[in-house]
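Next come the chains, spelled out residue by residue.
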Amino acid sequence: MPLQIDDSKATHIFLPQPKESRLCPGCGEEMRYYYKSSGRYYFRLSGLTYLAGQIVYCHNGACPLRFKPMHPPEELRQVQPRKGHGFDVLARVGQLRYGEELTRLEIKTRLQKDHPALVISERQVQTLYEFYGALVSGSTLTDPDVIAKIKANKCMVLSFDGGKPLRDNDSVWFVRDLLTGTTLAALAMTSCTTEALVELLTPIKAFARRHNTPVIAIVSDKEAKNLAAARRVFPKARHQYCQVHYVGNLADPVAKADRELRNDVKEAMRGKVGEIEKAIKKDTGSKKSLKPDEGEVLLDLCVGIRCLLRRNGKQPYHPPGIRLVKDLLELRESVRQMKLERGGAHYQALEDLLSLAERFQTRKYEIQRFYDDIWSVGEILFSEGQTKKGAKRLLLKLRKTWERRLLHPECEEDIKAEPVLSKWCEQTDSYWPGLFHCYGDYRIPGSNNDIERFIKDMKQLVRVLSRNPNPAVRFITHAATNALLATRPVLPDEKTLASYSAEAMREATRQLQERRRAMGIQQQVRRSPHRFGEACLNRLRQCS
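### Regarding the sheet that holds strand 8 (residues 215-220)
One open sheet holds the five strands; their spatial order is 7-6-5-8-9, and the pairing between them is mixed. Two strands close off the open sheet at either side, each with one partner strand: strand 7 (182-189) and strand 9 (238-241). Across the sheet, the mean angle separating the axes of adjacent strands is 20° when strand polarity is ignored. In the sheet, strand 6 (residues 171-177) pairs with strand 7 via seven bridges, with the strands oriented antiparallel. The partner of V172 across the bridge, within strand 7, is A188. Strand contacts of helix 5 (residues 144-151): strand 5 (156-163), strand 6 and strand 7, with the helix running at about 120° to strand 7, the strand carrying the most contacts. Strands strand 5, strand 6, strand 8 and strand 9 of the sheet are contacted by helix 7 (residues 224-233), whose axis makes an angle of about 165° with strand 9.

### A short note on the side chain of Q240
Here Q240 lies in strand 9. The exposure class assigned to Q240 is buried, which follows from its relative accessible area of 0%. Only 3.5 Å separates the side chain of Q240 from the backbone oxygen of G434, close enough to count as a polar contact. Within the structure, the side chain of Q240 is placed 3.3 Å from the backbone oxygen of L435, a separation counted as a polar contact.

### Re the packing of aromatic side chains
Under the criterion given, the structure shown has eleven aromatic pairs. Measuring from ring centre to ring centre gives 6.0 Å for F174 and F454, while their planes differ by 85°; the resulting arrangement is edge-to-face. A residue pair is termed long-range when its members are at least 10 positions apart, and F174 in strand 6 and F454 in helix 18 (residues 449-466) qualify at 280 residues. The burial state of F174 is the same as that of F454; both residues are buried. Every member of this aromatic cluster is reached through a ring pair, and the members are Y241, Y246 and Y431. Across the ring face of Y129, the terminal group of R97 is positioned such that the distance to the ring centre comes to 4.1 Å.

### Examining the pairing of strand 7
Regular strands place their side chains on alternate faces of the sheet. With six of its eight residues buried, strand 7 lies for the most part within the structure. Counting the residues that bridge the hairpin from strand 6 to strand 7 gives four residues, and of these G181 lies at a positive phi of roughly 75°.

### Describing the side chain of T182
Mapped onto the elements, T182 comes out in strand 7. Residue T182 is classed as buried on the basis of its relative accessible area, which comes to 1%. A polar atom in the side chain of T182 sits 3.1 Å from the side chain of T180. Other than its neighbours up to four places away in sequence, T182 contacts V146, K149, V175, R176, D177 and T487.

### Quick notes on unusual backbone geometry
Keep in mind that most residues, glycine aside, have a negative phi and that most peptide bonds are trans. Residue P316 is reached from Q315 by a cis peptide bond, and omega for that bond is 0°. Note on placement: P316 falls in the loop between helix 10 (292-310) and helix 11 (320-342). The phi angle at E101 is positive, at roughly 55°, despite the residue not being glycine. Counting through the fold element by element, E101 comes out in the loop between helix 2 (87-98) and helix 3 (104-114). In this structure, N212 is a non-glycine residue whose phi angle is positive, near 55°. Judged by its relative accessible area of 63%, N212 is exposed.

### Considering the packing of helix 6 (residues 194-210) against helix 7
Running from N to C, helix 6 and helix 7 cross one another at 35°; their axes reach a closest spacing of 9 Å. For the element pair helix 6 and helix 7, the recorded crossing hand is right-handed. On helix 7, the residues touching T194, E195, L197, V198, L201, T202 and K205 of helix 6 are K225, N226, A228, A229, R232 and V233. When the residues that make up the contact of helix 6 with helix 7 are grouped by side-chain class, the tally is six nonpolar, three polar and four charged.

### Focus: helix 22 (residues 529-543)
The first and last C-alpha atoms of helix 22 sit 21 Å apart over 15 residues, in line with the 21 Å expected at 1.5 Å per residue. Taken across its 15 residues, helix 22 has zero buried, putting it largely on the surface. In this structure S528 caps helix 22, since a side-chain oxygen of it lies 3.2 Å from the backbone nitrogen of R531.

### A look at the packing of helix 9 (residues 272-283) against helix 10
It is at 10 Å that the axes of helix 9 and helix 10 come closest, and there the two elements cross at 170°. The angle between helix 9 and helix 10 places the two elements in the roughly antiparallel class. Note on element contacts: helix 10 touches helix 9 through G295, L298, L299, C302, V303, I305, R306 and L309, opposite V273, G274, I276, E277, I280 and K281. Its residues placed into classes, the contact of helix 9 with helix 10 shows nine nonpolar, two polar and three charged.

### Remarks on helix 18
Because an α-helix completes one turn every 3.6 residues, residues spaced three or four positions apart along the sequence face the same direction. For helix 18, with 18 residues, the first-to-last C-alpha span of 26 Å sits near the 26 Å given by 1.5 Å per residue. One or two residues past the end of helix 18 sits R467, with phi positive at roughly 55°.

Rules and cut-offs
Residues numbered from 1 in each chain as written. Predicted model: local features only at pLDDT ≥ 70, side-chain atom pairs only at ≥ 80, totals over all residues. Heavy atoms only, no water. Pairing = 2+ DSSP bridges. Helix = DSSP H or I, 4+ residues; strand = E, 2+ residues; numbered from the N terminus. Axes fitted to C-alpha atoms, helices over the stretch in contact; angles between N-to-C directions. Contact = heavy atoms within 4.5 Å. Buried < 20%, exposed > 50% of the residue type's maximum accessible area, 1.4 Å probe, protein only. Polar contact = N/O pair within 3.5 Å; in protein donor to acceptor, adjacent residues only side chain to side chain. Phe/Tyr/Trp six-rings, centres within 6.5 Å; stacked < 30°, edge-to-face > 60°. Lys NZ or Arg CZ within 6 Å of the ring centre and 35° of its normal. Left-handed = near helix turned anticlockwise from the far one by under 90°. Nonpolar A, V, L, I, M, F, W, Y, C, P; charged D, E, K, R; others polar. Expected span 1.5 Å × (residues − 1). Parallel < 35°, antiparallel > 145°, perpendicular 65-115°, else oblique.

Next comes the structure, spelled out in structure tokens:
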């Protein structure tokens, strides 16, 4: 049933055609009054409004705009074309969504509480904030507050990276100014190529030239497409490679051996914890060999062992395999002390179980030797007060040690380590030109962690707003807009929205239509690829 609205209490507004707008843009002659427009109803925060305008047209027979109705220019500043809510409602919805990060139900509830005369549905709230995001996100580089904030620093340090919500899915790329923390560009890309990144960075280059704020440095991962795009758009800017990624890449050849060590330890202990637990539960009771309190302690030990076996580590500083062997042997010392004090078969079983890790001590030492070098690299690069000259000297000394072990192996471990050491030397040589810019200029960070944390924040924001723990499609659809608006100093109000041109509004509408069409296609394909293919075939036949 359609919503019934009482229009008897509507506020009526009539907009006359101003004199300066009566000159025809096609021929320059004065246009004549034709008729009063039929008017339209729309909602403002104050309630229902009826808007009518004075229509004029050109009588010149040679004019291309002859008999074309011309509405008052003020009409576009009151409400957007073919929309049922004014700019004040649009601005308020956008500020609640992107400023206070409310869901659409929370926005509707807030509006109904603060503005009882306003009639709006959840679906209309979603349509409005999506239009607001598309309209405002395209004006980031022309926003006066953003320009003033960047101009205050007289330069920019850019960082760009992409976030992929799921494997084999679209990625969303972000470009941020690290000095102000402002997101300058964001875009969902179906295929991330050098040309696509160049297209993303080019408007920022024009912005830097227009406002005399040069890009002095770029921070990114050392990927070929990143390097090529940055070199083409900003050839004079220093390119700082992410030091965290460099240290992580050093750990890649060793991480496989560490994972295998962890899996072998787990395989050796598989099923034995459960057997010990069953025996403990069987012997626990008032008339049995174990008292309830002692049985509880032993069961807690079993739970602790399970926890160690399931725990994951984070490369390169917490390798799970090395950590597992070390922790199991440390726990064995405590169990051995319990056995000496209390005695009993269950303590012996737990000690024997934990002693299985002793078999893997040799492999642990071999792998840890590599990690010691990796941790040394991290200490060189990330130590407080490090200088460019000191970091180069220490890292070069460590690299010469790797090269000496390659050319003159002193033991069997050095021979086994040949693939890893050669890989380390290659990676160090490739990272060397862009690894030390951060020590010469305090404005340049040594890693790309800022934008990676920002991408995580955007993913979490989409999770909260969508009430979905893994909203991959929503991240691709909304993350770019969220990122551009989340770092704006001030979100546009009603007056700013009304000043946007008709072309900007049409472009925002076109972007939303394309986005919804793409989402509709994705849903159709997932539901039934066969039906989607048949529908495309029928459309193709109709075209021919």
